[in-house]
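Structural description and commentary
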Amino acid sequence: MLRFARCYSLARSKATQIQSTVFRPEYALKCGLEIHTQLNTKNKLFSQSTNSATPLLDVPNHHTSFYDVALPGTQPVLNLEAILFAMKLSLSLNSQVNMVSQFDRKHYFYGDQPQGYQITQHYRPFARGGKVNLSRELDGIDELSKDISIVQLQIEQDTGKSHYTDADKDVVTLVDLNRSNIPLIELVTNPDFSDIKQVKAFIKKYQNLVRHLHISSGDLETGAMRVDVNLSINGFARVELKNLPNTSSIINAIKYEYQRQVELISRGETDSLLEPETRGWTGSSTVKLRSKETTIDYRYMPDPELPYINLAPDVISGMAASMLELPDDIMRMLMQKPFQLSLKDAKILTYNGNQNDMYNHEALRSYYLETFHEFSKLIGKHSSAKLPTNWIIHEFLGDLNKLQVPLGKAQEILPPAVFAEFLRLLYTDTISPTSGKLLLFYILENFKQSGCQDSSIPDLPKLIKEFELHAITDVDSQELMTLCNDIIAQHTDDAFIRNLVSGKKKTSLKFLVGQGMRQSQGRIKASEFEKKFKEILNIQW
Ligand SMILES: Nc1ncnc2c1ncn2[C@@H]1O[C@H](COP(=O)(O)OP(=O)(O)OP(=O)(O)O)[C@@H](O)[C@H]1O
Ligand SMILES: [Mg+2]
Ligand SMILES: [Mg+2]
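Residues numbered from 1 in each chain as written. Chains lettered and ligands numbered in written order. Predicted model: local features only at pLDDT ≥ 70, side-chain atom pairs only at ≥ 80, totals over all residues.

**Here we look at the overall build of the protein**
From N to C terminus, the protein includes 18 helices and 17 strands. Against the globule reference of 24 Å for 541 residues, the protein gives a C-alpha radius of gyration of 30 Å, more extended than a compact globule. Reported as C-alpha extents along the three principal axes, the dimensions of the protein are approximately 95 × 55 × 55 Å. In the protein, which comprises 541 residues, the proportion classed as buried is 31%. Taking all contacts inside the protein whose residues are at least 6 apart in sequence as the whole, residues at least 24 apart take part in 71%. (Helix = DSSP H or I, 4+ residues; strand = E, 2+ residues; numbered from the N terminus. Rg over C-alpha atoms; globule rule 2.2 N^0.38 Å. Buried ≥ 20, exposed ≤ 12 C-beta atoms within 10 Å, placed from the backbone. Contact = placed C-beta atoms within 7 Å.)

Written as structure tokens, this is what we have:
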């Protein structure tokens, strides 16, 4: 117990130390990233095995061929889909695709690497150069604009996975080769990052890019994307940080390592910072894995079983011509007229979350754009941008999440033209926002209760009539007067009225209006109540 308490307090003090890390200009941070991304091709890089999309659910060693487990005599056959994916990514990053690239063997011995070498691209990578632009406007970095330049992109095969178990005190290593030979792209950036916000923004942006291009799930949690950070201060040697399973580990490891190096430099103890080293992340600190002297000699050599990748120029130009619009351009389009979305809303339509979301950004964006278009047609001009935004991005999405109904399904009963008609009812005050919320939720809940099977289009006028949701637009003045007088009689006393009328407690008016909205079930507008209460109580402010 005591030991636990000591460990706990040590971990807590490290956490506090990490939180309070201050980046000081006299200790300039320099960072570069190496990002491995699994490509979601149908098959593996050099075999016909399935490249599984659900690695966490798989039975170990299920997706393996003779080649993946390195049976003698098997040979690699290149999967061209991986080349197309690499080309898409390179073009999106403005990288120069090499017309000729080649595969090399990187030798090292490990249980989850049965060939004894990994096939990668060492001498002639797939693409070189390129950049990612980060901006204050879109990515929230401190600088107005900053380019992170790319060294290269290389295609390589993933390794298997080792699991260590403690069976009767003998440590047993279990090897799962499902991951062996899945295609990876390693992206190497120059050490252009000078603060944490830039690193975070880059990772988010790159993750979204691979999802946008449909070449990877980009998930850090499943290991589909793995980030190594290289970090140095004031010209000392770089330290490479590995085993960073999620964004918070990446950020905390940088903070911890920065602080560690600053302390060494400020104490003049810089011997250990003269040679590069590789460190791992334990969850609360970095620990040395190996130094330069013990660096493995990988004995790189061209793979004699694989021919060069020779690209014809028209393959690249053909791909360039068919490229999708990129996320930054889409965001800028959405933030301008006529849509005028906020950055946050534009991101919802452009940035993909993980697979658990009830929608994907592309489907939601086309739904939004089509509905916007239909709505503009209905009301005969460019619509007020706020209405489609609020009702699609906030209300509708909120309902889908609450009810766990996927957008693809909900669209069957609420295609863009029907949603646009619903928006028209709100725009023309045929129904109040309160009634609109009830109606939308009712429609979706009903659909959910049918097991998302009853895909008949809802009859909006009929439902409005049935549930008496029609807004009371021509409010009978006498009826409103009676309602307001009743509320005043039931909910106020002399002091309440005095403070309200004198303006000392103006918020009391909101309270009265709220009561009115509740009693009329939202069918009489708040502004009508406000007018009436002011008139009855002779409020002058
Ligand atoms: N002075 C430096 N400070 C911080 N980072 C640096 C510095 N110099 C280089 N880097 C970064 O180190 C990384 C080097 O990656 P690269 O893949 O080229 O080599 P590696 O780490 O030796 O190889 P491996 O792929 O086997 O890990 C790049 O991300 C680069 O930006
Ligand atoms: Mg490295
Ligand atoms: Mg590398």
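We are not done yet, so read on.
**A closer look at the domain arrangement of the protein**
Entries for the protein in the domain assignment read domain 1 (18–302), domain 2 (327–466) and domain 3 (477–537). Averaged C-alpha coordinates put domain 2 and domain 3 at centres separated by 33 Å. (Domains from an automatic or database assignment.)

**Focus on the environment of Ser455**
Positionally, Ser455 belongs in the loop between α13 (433–449) and α14 (460–466). Accessibility expressed as a C-beta count within 10 Å gives 12 for Ser455, which makes it exposed. Residues Ser455 and Glu412, 43 residues apart in the sequence, show an inter-C-alpha distance of 5.8 Å. Dropping the residues within four chain positions of it, Ser455 is found in contact with Glu412 and Ile413.

**Quick notes on the sheet that holds strand β16 (residues 301–302)**
Strand order in the open sheet formed by three strands is β5-β4-β16, with antiparallel pairing between adjacent strands. Each end of this open sheet is capped by a strand with a single partner; those strands are β5 (117–120) and β16. In the sheet, strand β4 (residues 104–107) pairs with β5 via four bridges, with the strands oriented antiparallel. Bridging from a neighbouring strand, Arg105 pairs with Ile119 of β5. (Pairing = 2+ DSSP bridges.)

**A few points about the site of ligand 1**
Around ligand 1, 14 residues are found, and the nearest of them are Gly32, Pro191, Asn230, Ser232 and Arg238. Elements that contribute at least two residues to the shell around ligand 1 include exactly β1 (29–38), β11 (183–189) and β12 (225–233). With five residues, the top contributor of residues to the shell around ligand 1 is β1. Taken together, the residues of the shell around ligand 1 sort by class into five nonpolar, five polar and four charged. (Near = placed C-beta within 6 Å. Nonpolar A, V, L, I, M, F, W, Y, C, P; charged D, E, K, R; others polar.)

**Some thoughts on the pairing of β4**
Taken together, the two bridges between β4 and β16 define a ladder with antiparallel strand orientation. Across the sheet, residue Asp104 finds its bridge partner in β16, namely Pro302.

**Some thoughts on the pairing of strand β15 (residues 286–291)**
Bridge analysis of strand β14 (residues 277–281) against β15 gives five bridges, and the strand direction is antiparallel. Bridge pairing links Thr278 to Arg290 in β15. In this antiparallel pair of consecutive strands, β14 and β15, the connection spans four residues, and Gly283 shows a positive phi of 115°.

**Description of unusual backbone geometry**
Following Lys337, the chain continues to Pro338 via a peptide bond in cis, the omega torsion being 0°. Mapped onto the elements of the fold, Pro338 is located in the loop between α7 (327–335) and α8 (343–350). Positive phi, close to 60°, is recorded for Asn94, a residue that is not glycine. Relative to the helices and strands, Asn94 is located in the loop between α2 (80–92) and β2 (96–97). C-beta crowding within 10 Å serves as the criterion here: with 14 such atoms nearby, Asn94 is assigned to the partly exposed category.

**Observations concerning helix α17 (residues 507–519)**
End to end, α17 covers 19 Å across 13 residues, agreeing with the expected 18 Å (1.5 Å per residue, within 8%). Turning to α17, its buried residues are Leu512, Val513, Gln515 and Gly516. One face of α17 carries all of its buried residues, which in axial projection span an arc of 155°. Opposite its buried face, α17 presents the exposed residues Thr507, Lys510 and Arg518, each directed more than 90 degrees away. Residues of α17 that are buried in the fold lie against α15 (477–491) and α18 (526–537). Gln521 lies just past α17 and shows a positive phi near 55°. (Expected span 1.5 Å × (residues − 1). Arc of directions from axis to C-beta.)

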